[in-house]
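The primary structure of each chain is shown beneath.
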Amino acid sequence: MISRDYLSHAQFKPLLDHSAIQRPSGKRFNDNRMMRHHQPQPFQVVQLRQKYEGQNYPSILVRLFGLRPSETTHNIWTNFDRHGNITFIEIEDGKDSKRSGKAKIRFSPPPPTPFWLLGNPRGIYVMKDADGITLYNIQVHVNPQDLKHPPQVQSPIKPHISYDQKLPLYASKLHFGLIVEPKSLMPLQTIMPDENNPKDLSLTIDLARKRLTAEFTVTFRDPRTQGDMDFVSELEIGQYDRKNKYMFQIPFGQLNTIYRLNNSDRDSFAIMISLESPPQFYRKLLNPAVSHSAGNSVWSEFDLWYRQTDIVYNPRMLHKIPIALRKDRPVIDIGRWTTYLFEFRQSENSINFELIKQALQDFNIETVTLAKITRVPVRAPELWSFIDHPASIYAASDLQALDAKTGTIQLPFEVRYQLEVCISKGLLNEYNITRDFITKISEITSKDAVKARNILEYIDSQNKRIYDPMTIFDDPDALAFSPKTNIPYYCAYSRKATITPSTVYFSSPTVETTNRILRHYARENEDGRFLRVQFTDEEFEGRINSCADKKRNDELFTRVYRTLYNGIRIGDRHYEFLAFGNSQFRENGAYFFCPTEHLSCDDIRNWMGNFSHIEVVALYAARLGQCFSTTRAINGLSAPEIVTIDDIKRNGYCFTDGVGKISPFLAQMIAAELKLKSTHPPSAIQFRLGGCKGILVVSPEAEGRQVHIRKSQQKFKAIYNGLEVIRCSHYSCASLNRQTITILSALGVPDEVFLDMLSNQLTNYQDAMNNNDLAIDLLLRYIDDNQMTINIATMIRNGFMKAGDPFFLSLLHLWRSWSIKLLKEKAKIIVENGAFVLGCVDETGTLRGYVTPTTPEGEPVSEDELPQIFLQVPDKGDPNTYVVIEGICLVGRNPSLHPGDLRVVQAVNVPALHHLRNVVVFPSTGERDIPSMCSGGDLDGDDYFIIWDKELQPKEWNCKPMEYAAPQSKKHDGPVEVTHLMKFFVRFMKNDSLPAIAHAHLAQSDFQDSGVKGNTCLELAALHSKAVDYVKTGEPAEMPRRLRPGKWPHFMEKRHKSKEAQYPSHKILGQLYDKVESVNFIPSYEAPFDRRILSKYKLEDTLLKIVRQIKSKYDTAMRRIMAQHGIKTEFEVWSTFVLSKPRVGNDYKMQEQIGSISEALKEQFRAVCVEAAGGKDFEKFSKFVAGMYKVTKEELDIALAECRSTKVLGGREVPKRKMEPKYMPLISFPWLFEKELGCIATGWTTFEELDDMGMQSLAFRNDLSHTRKRHGGAGDLIDDFVLQKDGVIVHRGEELDLFRPKIHEEEYEGETDESNIRSKTSYSYMKSQSNEIALATDSETPDPDVAGKSLVGTGVEEVVPQVQLDGFIKPLVSMDSLNGSNGNPYRTPDFFQQLTPDSLPSKNSVVTASALLDLADLVDMSSPPASFPADFDVHQPLNPGHSARQTYNNSDLYDAGDEEDIIEEIVDIEIEESPMEKLARMHGL
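Residues numbered from 1 in each chain as written. Predicted model: local features only at pLDDT ≥ 70, side-chain atom pairs only at ≥ 80, totals over all residues. Heavy atoms only, no water.

1. Quick word on the overall build of the protein
Along the backbone of the protein there are 40 helices and 53 strands. Here the protein, with 1485 residues, has 58% of them falling under the buried criterion. Considering only residue pairs separated by 6 or more positions, the protein has 77% of its internal contacts joining residues 24 or more positions apart. For the protein, the accessible surface area stands at approximately 61,500 Å², while carbon and sulfur atoms represent 49% of it. (Helix = DSSP H or I, 4+ residues; strand = E, 2+ residues; numbered from the N terminus. Buried < 20%, exposed > 50% of the residue type's maximum accessible area, 1.4 Å probe, protein only. Contact = heavy atoms within 4.5 Å. Areas by Shrake-Rupley, 256 points an atom, 1.4 Å probe, with all protein chains shown as cover.)

2. Quick notes on the confidence of the model for the protein
The share of residues in the protein with pLDDT of 70 or more is 79%, and the mean pLDDT across the chain is 80. This stretch, residues 1-48, has a pLDDT under 50; its non-local contacts, to residues over four places away or in other chains, come to 74 contacts. Per-residue pLDDT stays below 50 along residues 1374-1485; that stretch engages in 242 contacts with residues further than four places along the chain or on separate chains. (pLDDT = per-residue confidence, 0-100.)

3. Points about helix α16 (residues 738-746)
For α16, the full list of buried residues reads R738, T740, I741, T742, I743 and L744. Against the buried residues of α16 lie α17 (751-768), α21 (806-826), β43 (887-892), β46 (943-947), α24 (994-1007) and α26 (1068-1075). Capping the start of α16 is the job of one residue whose side-chain oxygen sits 3.1 Å from the backbone nitrogen of Q739: N737. Where α16 terminates, the next one or two residues include G748, which has phi positive at roughly 110°. (Polar contact = N/O pair within 3.5 Å; in protein donor to acceptor, adjacent residues only side chain to side chain.)

4. Focus: the nonpolar core
Counting residues in hydrophobic clusters, the biggest one holds 159 residues, and the most contacted among them are L736, W815 and L952. Broken down by element, this core gets its largest block of residues, 12 residues, from helix α31 (residues 1178-1204). In contact with W815, not counting residues within four places along its chain, are Y765, M769, L778, L779, Y782, T789 and F1137. The next biggest cluster of nonpolar side chains, apart from the first, holds 96 residues, and it includes L383, I423, F535 and Y620. (Core = buried A, V, L, I, M, F, W, Y, C linked by side-chain atoms within 4.5 Å.)

5. Notes on α26
Of the positions making up α26, those classed as buried are I1068, L1069, G1070, L1072 and Y1073. Where α26 is buried, its residues contact α16, α17, α21 and α24.

6. So, the sheet that holds strand β16 (residues 298-300)
If you walk across this open sheet you meet the 6 strands as β4-β5-β1-β3-β2-β16, and the pairing is antiparallel. Two strands in the sheet have a free side with no partner beyond their single neighbour: β4 (124-128) and β16. Averaged over all pairs of adjacent strands, the angle between their axes in this sheet comes to 25°, without regard to strand direction. Bridge analysis of strand β1 (residues 60-65) against strand β3 (residues 99-107) gives 6 bridges, and the strand direction is antiparallel. For F65, the partnering residue across the bridge sits in β3 and is K102. The strands touched by helix α2 (residues 73-80) within the sheet are β1, β2 (86-93), β3, β4, β5 (135-141) and β16, with β4 carrying the most contacts at an inclination of about 120°. (Pairing = 2+ DSSP bridges. Axes fitted to C-alpha atoms, helices over the stretch in contact; angles between N-to-C directions.)

7. Things to note about the packing of helix α6 (residues 435-447) against helix α7 (residues 449-462)
Put simply, α6 and α7 touch, their axes get as near as 5 Å, and they point 135° apart. Compared by their axis directions, α6 and α7 come out oblique. Residue-level inspection shows F437, I441, I444, T445 and K447 of α6 in contact with α7, the latter providing A449, K451, A452, I455 and L456. Tallied by class, residues from the contact of α6 with α7 come to 7 nonpolar, 1 polar and 2 charged. (Parallel < 35°, antiparallel > 145°, perpendicular 65-115°, else oblique. Nonpolar A, V, L, I, M, F, W, Y, C, P; charged D, E, K, R; others polar.)

8. Considering the packing of aromatic side chains
Within this structure, the stated rule accounts for 62 aromatic pairs. With a centroid separation of 5.2 Å and 80° between ring planes, the pair formed by F115 and W116 is classed as edge-to-face. Judged by its relative accessible area of 7%, W116 falls in the buried class. Look at F216 and F248: their rings are 6.1 Å apart centre to centre, the planes differ by 55°, and that puts the pair in the tilted class. With F216 in strand β11 (residues 211-220) and F248 in strand β12 (residues 242-251), the pair connects residues that are 32 residues apart, well separated along the chain. F216 gets classed as buried once you look at its relative accessible area, which sits at 0%. We classify F248 as buried; its relative accessible area is 1%. (Phe/Tyr/Trp six-rings, centres within 6.5 Å; stacked < 30°, edge-to-face > 60°.)

9. As for the sheet that holds strand β23 (residues 491-499)
As a general point, the strands of a sheet are linked pairwise by backbone hydrogen bonds and lie either parallel or antiparallel. The 6 strands are arranged β24-β23-β25-β28-β27-β26 in an open sheet whose pairing can be described as mixed. Each having just a single partner strand, β24 (504-513) and β26 (568-570) make up the two edges of the open sheet. Going from strand to strand, the sheet's axes swing by 35° on average, the running direction of each strand aside. With 5 bridges connecting them, strand β25 (residues 530-535) and strand β28 (residues 589-593) associate as antiparallel partners. Bridge pairing links R532 to Y591 in β28. Contacts between helix α13 (residues 601-608) and the sheet are confined to β25, β27 (573-579) and β28, with β27 contributing the most and set at about 25° to the helix.

10. What about unusual backbone geometry?
In terms of backbone geometry, most residues other than glycine have negative phi values and most peptide bonds are trans. Geometrically, the link from S108 to P109 is a cis peptide bond, its omega value of 0° lying close to zero. Non-glycine residue E181 carries a positive phi angle of around 65°. Its place among the elements puts E181 in the loop between β8 (166-179) and β9 (184-191). Note on E181: relative accessible area 28%, which makes it partly exposed. Of note in this structure, Q787 is not a glycine but carries a positive phi near 60°. Among the structural elements, Q787 can be located in the loop between α18 (772-781) and α19 (788-797). Residue classification places Q787 among the partly exposed residues on the basis of a relative accessible area of 22%.

11. Topic: the environment of I459
Here I459 shows up in helix α7. With relative accessibility at 1%, the residue I459 sits in the buried group. Remark: the alpha-carbon pair of I459 and P469, spanning 10 residues in sequence, is separated by 9.6 Å. Apart from the residues within four sequence positions on either side, I459 is in contact with C422, L427, L428, K464, I466 and I472.

12. Points about the side chain of R710
Structurally, the position occupied by R710 is in strand β36 (residues 706-710). At 2.9 Å, the side chain of R710 forms a polar contact with the backbone oxygen of D646. Among the polar contacts listed, one links the side chain of R710 to the side chain of E843, at a separation of 2.8 Å.

13. Some thoughts on the side chain of S424
Along the chain, S424 turns up in helix α5 (residues 413-424). Its relative accessible area of 5% is what places S424 among the buried residues. Only 2.9 Å separates the side chain of S424 from the backbone oxygen of V421, close enough to count as a polar contact. Sequence-distant contacts of S424, defined by excluding residues within four places in its chain, comprise L325, V504, Y505 and F506.

14. Considering the packing of α18 against α19
Contact geometry of α18 with α19 gives a least axis separation of 8 Å together with a crossing angle of 160°. One element, α18, and the other, α19, form an angle in the roughly antiparallel class. For the pair α18 and α19, the crossing hand works out as left-handed. Residues N772, A775, I776, L779 and L780 of α18 pack against T789, I790, I792, A793, I796 and R797 of α19. Taken together, the residues of the contact of α18 with α19 break down into 8 nonpolar, 2 polar and 1 charged. (Left-handed = near helix turned anticlockwise from the far one by under 90°.)

15. Notes on the pattern of salt bridges
Two side chains that carry opposite charge are able to pair once their charged atoms sit near each other. What the rule picks out here adds up to 59 salt bridges. A salt bridge links R1108 to E1194, with the nearest nitrogen and oxygen atoms 3.0 Å apart. On the criterion of sequence distance, the pair formed by R1108 in helix α28 (residues 1101-1125) and E1194 in helix α31 is long-range, its members being 86 residues apart. R1108 sits in the partly exposed class, given a relative accessible area of 37%. (Salt bridge = Lys/Arg side-chain N within 4 Å of Asp/Glu carboxyl O.)

16. A look at the environment of Y782
Relative to the helices and strands, Y782 resides in the loop between α18 and α19. Apart from residues no more than four positions distant in its own chain, Y782 is found in contact with C733, Q761, N764, Y765, T789, W815, I830 and E832.

17. Quick word on the environment of D943
Mapped onto the fold, D943 is located in strand β46. We classify D943 as buried; its relative accessible area is 14%. Note: C-alpha distance between D943 and V920 (23 residues apart in sequence) is 9.0 Å. A polar contact is formed between the side chain of D943 and the side chain of R727, at a distance of 3.0 Å.

As C-alpha cells, then:
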C-alpha cells in the first residue's frame, strides 16, 4: 500500500494522475459510454506531448513487474486502457508454473504519452487492485530490445524479397452476393463505411497468418421501418436497431484466385472473391470486460471477436425455429452469399495494388484482371414459393400435388430431399430454379418418382455448378442415370446432414452397415425418416474445437443446441433429435428421426431398452448409444442357449470385465456368415446381445449353441433382437507412437534404438518400390489393421508389379506415402516382433497373475514374479500356421501416458489355451488384473500391443501403475429427459478437454527435464483418465493454467503459435521428426495396363456396354464416399490408407470406419457384377472381369489424351484436363475382383487355385439365408429365440434380462418405459418435471405447429451463456408514425420498379445466382449477357431500392449517417409505379 503523502504529492503532478491521461478519441469504446468518436471528450488536463523512442512504430511492448499473484488480465486492462489501444496482455509464469509477478502489454499504436517514463521514482505505476479499492506500486518498463519494427515476411519463392506482415486496403463499398451466370453478379447486400470513419471498411492481406481479413459495420434497422410490414414480431418497433462491427477471415488455403475489376475512372478499382464455402464470421463486442476470463493469463484483442452463425435483425428468434436450408430475412446470409466484391479508391489507399498482387502470387494466389462484370438487380428467389405452401410449413402427405389457387407444387420427399442436396452444395441455386424446372420435375415425378430423384442425384454426382437447370433435361446421361443397385443385406442407404455454423449441407444417400435401430425400423429408414447429423465448423475448417475457458465460440454451441432442440426442416418433414451412438458422440454426431402418425422418437427410445435405473445423464446417453453400434446381425443363428456365469472379482478388481464365452460351433457359424478369410474361426468376437456388450471368447466349456454371459456384460434390459457382431479378432503388427516412445525413453531405452528402427523402415519402404520379393516380405510383416497389405502382396505374386499396372503401382506408392506420413506425424514405427490384438482372460486359471514385486521400484523383477500372458500369432513366413510367443514381453494399450501404463510380463506356452489365436490372454489370478493397469483398460473390446523385441525392453521394469479413482458420477435428480441428453451433448462439445490434455502432456514431457515422471506429466496423465471417463461420469476434466505448456516442441507443428512459443526439440521425438521427409502421393496414371488381361479375350460390344453402365454406378458410389468423408482419391477408399485428416475424429477411427464402408461398397458391386455376368462360372465371369479392365483402360486413355493436349484460357495455354485425381476417371472398378484378375493374368483356370497362396474363406455346411423381411418395428427378421439356462425362452422382440432376481420378476410385469424419457410436447412448453429452471428467452410468435402454446424457454442458457446484444441506437421510425400514415416513407421500390423493358430478363434467360463461382467461365467477361444493357456494370451506383420485400433489407439505409441523408437517397432513385406493378407489389408477386 502506498502512503497518503505520496498520493497527495501525486495529485499536483498531472502526468502521474493516470486517470487524467487521455487517448485520442475514436480509438476504442468505453464500458459505460457509446462510441467515443461520436461523443469526443475534451481534455481535462494539459498534456505534455513528449516524444519518445518507438513512438512511430506500429506497436510497443510495455513490461510490468511486481504484480500480485491474484492479478487478472481484466484488471490489468482496466488499469492501462486509458493510455491507448491495448491489443495483447500476458501474465507470465515462472518455471514452477506459479505466477512470476511479471506481465507484458502491447499497445497498437503506441500511447501518446510514455507513462513508463513518468513516476517518482521513474517507472513506478500506481496499480488499483481487482477489489477496486486497494492501491499498490508496480514497475513499468520498456525494454530497448523490444523497440523494433515487426519483422517482415519473406517471400516463399523469392528469398530476396520481403513484405510487411499486413497490407491493408480501405474500401468504399463491400457487396455480398452471388454469381448469376458466369458473367453476372447479384449483390444482395451492400455495406459502406461510416462517414465519420473512412477506415471502418477494410480488407487486410495478413501475410504472417496467411489469411485475408475483412472488417465492416452493419447498421440494423427494424424491417417494418424499411417497408416490410409482413415482418411478424412482438418487439417494439426499432427495439433491436443497432450498429455492430463484423469480421470474416479467409485462409490462403481457401483461395485460388482473386479477380480485379478496373473502371474507366482510374482512381477506382474493385476486387472480387468467390468461395466454394463460407469463411468464419465474427462480431466485435463493445464491452471488453466480457472477453476476459478469470483463469486465463493471456488476453488479446482477438478475444473481443465472437463467432457468428447468422447476421439477422433479431437473433433471439433463432432460438425457436428449426434449422433449414432456407433462411428467413437474413440481413446477410453468411452461409450462402459467398461472393464478395470490394470497391476501392486508389487515392484513399497508400499501398499499391501491384505490390499486393505480387505478394499474393508468391503465396500461390493468382490475381486475374477482368474488364467488367454485369450487376443484376436484387430480387427474391421464387423457388420457395413454388414448392412450399404459404399457409403452413407442414404438408399433409408426401404425394405430389398441384394447388391451383396458390400454384404450389409439392414434391415427394425423396425428390425434395435430393433437390435440397443440390442446393445446399451450390450445384443448383434457388435463384436459378424457375417454375418451368419445378413443373418439369413434377411431371417426371408423376410418372416415375425414382427417375426424377435420379436426375437430381446425377447433378450431385457430377459435382459441377449448373447455371441453367433446364439444360439437364437435354442431357441423355442425366435422363439415363440410375445409381441405385442391390445392396448387401446387412447394409442400408443412409441420409446425412452436416450442420455448420452458417449453413447446412445434405448428402445423397450412401450405403452403410446398419445398426440395431435401422434394422428394426427398416421400413422407416427406407422412407428416409432417419437422418444422420454431424456438427462441424465451416467446411474448410473441420471440427468445432472445445473451448471451456473461452466464450468466443459460444454462439457455435448455441446453434448446436438449437438444432437438437428445434430439429431440422426438410420440405414438409420435421426431424427431431433421437439419440447418438458412442462413436458418433466423440465425432459430434447424432441421429434424428422424422415422426410418423404411429411412431415417435419416444417410441423408438422406449423400444431400445429399460434405462429407468440409470440416474447419470452421461451413462444414460452411453447406454442408448450402445444400440447404435454398427453391427452385423447373424441371421442364421437362431435359438442360442444363454448361460449366465459369475465374474471373477478380487480386491475390488474385476478380472473378467466385459468378457464371456461362445461355443466353437457358433464361432464357426459366425465366420461363415461374415465370410472371413481365415483357416480358423475367430477366437474372440466383439458383440451386442440385447443390453449386453463386450467380447465372447471361444471356449471348449461352451457346448453346442451355448453363449456364456457375465453380469459385467449386461448394461441394461433390452428387447432381444438376435446376436450382433461388431468385429472379430485378427492379427495386425504392433507399432510405437509418440506416447509409447516417450515413456520407453524415460524408462531407459536408448535413442539409438528408435533411430535405427526408423532408418531401417524408411530404407525398406524405398527399396520395396523396385523389389518384388522385398515388397512382399515387407507387406506381410507390416500388416495393417484392415489387412490390406496381404491383398497387395498377393497382387505382386500375381505379377502386377512386374507388369506395372497403374492401379497397383498407385496402391503401392500410396501405402508408402501413408506409412511415411504416420512416421512423420505420429512417430508410428512398426515393431516386427510385436502384435496388436484383442485382450481376453484365462478361464483355466493357469497363468500367474500380478503380485506386488519384492524388489524396489525401478529395478528388474525376477521372471518368477512377473505376471504371465499367452499369445499365439501367425508365422511371418506362413500366415496359415501359428507360433506361440515365449519370453519377456512388454504389454500396453493406447494411449499410454503414465510410466506404469506399460507392463513387463512373461509370455508362456499353455497347451490348454492353444485354441486361442490372435488374442492376448491375461491371467485371472493375482492381486490385480493386468488390463486395468494398462491405461485403465478392460476386456470388453480393448486392443493391446505386445512387444517381444529385446531392444525395446526397458531398464525399469516395475513402475507403479497409476492409481486413478474415477470421480463420482453426476447423478440427476429425477427421471432423465431427452433435453438432458441434448444439454449433455453440447456441454461435452464445449468442455471435452481430452485432446488438449493429450497435447499438453506430449509437450510437457518433451519440455520438462523430468519428462513423463515429473509431477506435471503425472497430474496430466490423471486428468487424461478423468477426461476419458467424461462420457460416462458427466464430470469434465478441467486443466489448470499451471499445467498448460508455455512452449511447444517443433515436431507438434503448432504453426499458429508465435516463434517465441516454439522451440526446436532435441529429445528423441524431435530427432525422429527431423529424420523423416514426407512423400507426396501421385497416382501412376501413365503406367501401362496389363497386356496379359487385355489380350486374353475378344470381348463383345454388348458386354462392354453393360460393364460401362455398372462402372458408372460404381464410380458414383465411390465419389459419393470420397465427398462425404473428404477423401481425395479412390485409392485411399479402396485400401483404407487415408491420407487426408478426418474433419472430425482421429486417424485410427477413420481407417476403421472407411474399412467398413469400403468393404460394403465392394460387396455391393461384386453382387451386381456377378448377377450381370450370369453367375461365377469361370469362363463366362472371367470375360466379364476382363471387360471391366478394358473399359477402365479406355476411359483413362481418353483422359490422358486430353491431359496431353492444350487449350487457350485467359490468354494462356493450359492442358485441357489436369492430371489430378479430382479431374481423372476412376480406375479401381475392375479391382473389385483382384483375385479373378490374378487368375486371368497368371493363366489359372479356376479361382480356387489362388487359395493355396493365401487365406481361404470359411464355409458352413448349412445354407444361410441372406433374405430379410422389411418391417417397421413390427416384423421380425426370422422367428428365433434364446434358451436361458433356467429354461426360460425369450423370443426375438421380447425383453432379455439375464440377471433378473426371480423374487422380483413381478415388478416388471406390464411396465413400460414411457416414464424414462418425456415426450417433446411435455417438456417444451412447461417447467420440466425435474424442476430445472425454465429459461427465459424472449417470447416470440411461436411456430405454426405450436400455435396457442406458451413457449417458456429452450434451455440453451443453461448450457451456453448467451452474449448480450450491444450497439443499440435510436429507432428511425416510431409505431405511431407508421400507424398514422398510408405508407412507409422509408419503403423502397420493389424489384419490378427497377427494371426497364430492356433489362427485364426473358422467360428463357432467368436471372440466376450462386454462392459458387465457375472460375474457368469467369476469365473472359468482356461482354455482358444479352439480357442487360452493355453499359450496365458493377461500378454503377447501387440503387438502395434493390432489396426484395420478403427477404432482404436495404443495406444502403443501414450505412447512412443520418435520417436526412437516407431520405435524400430514396428520393433520388424513386420510380413511379404503374397500377399493375403496384398490384403485383401488394400481393408479393
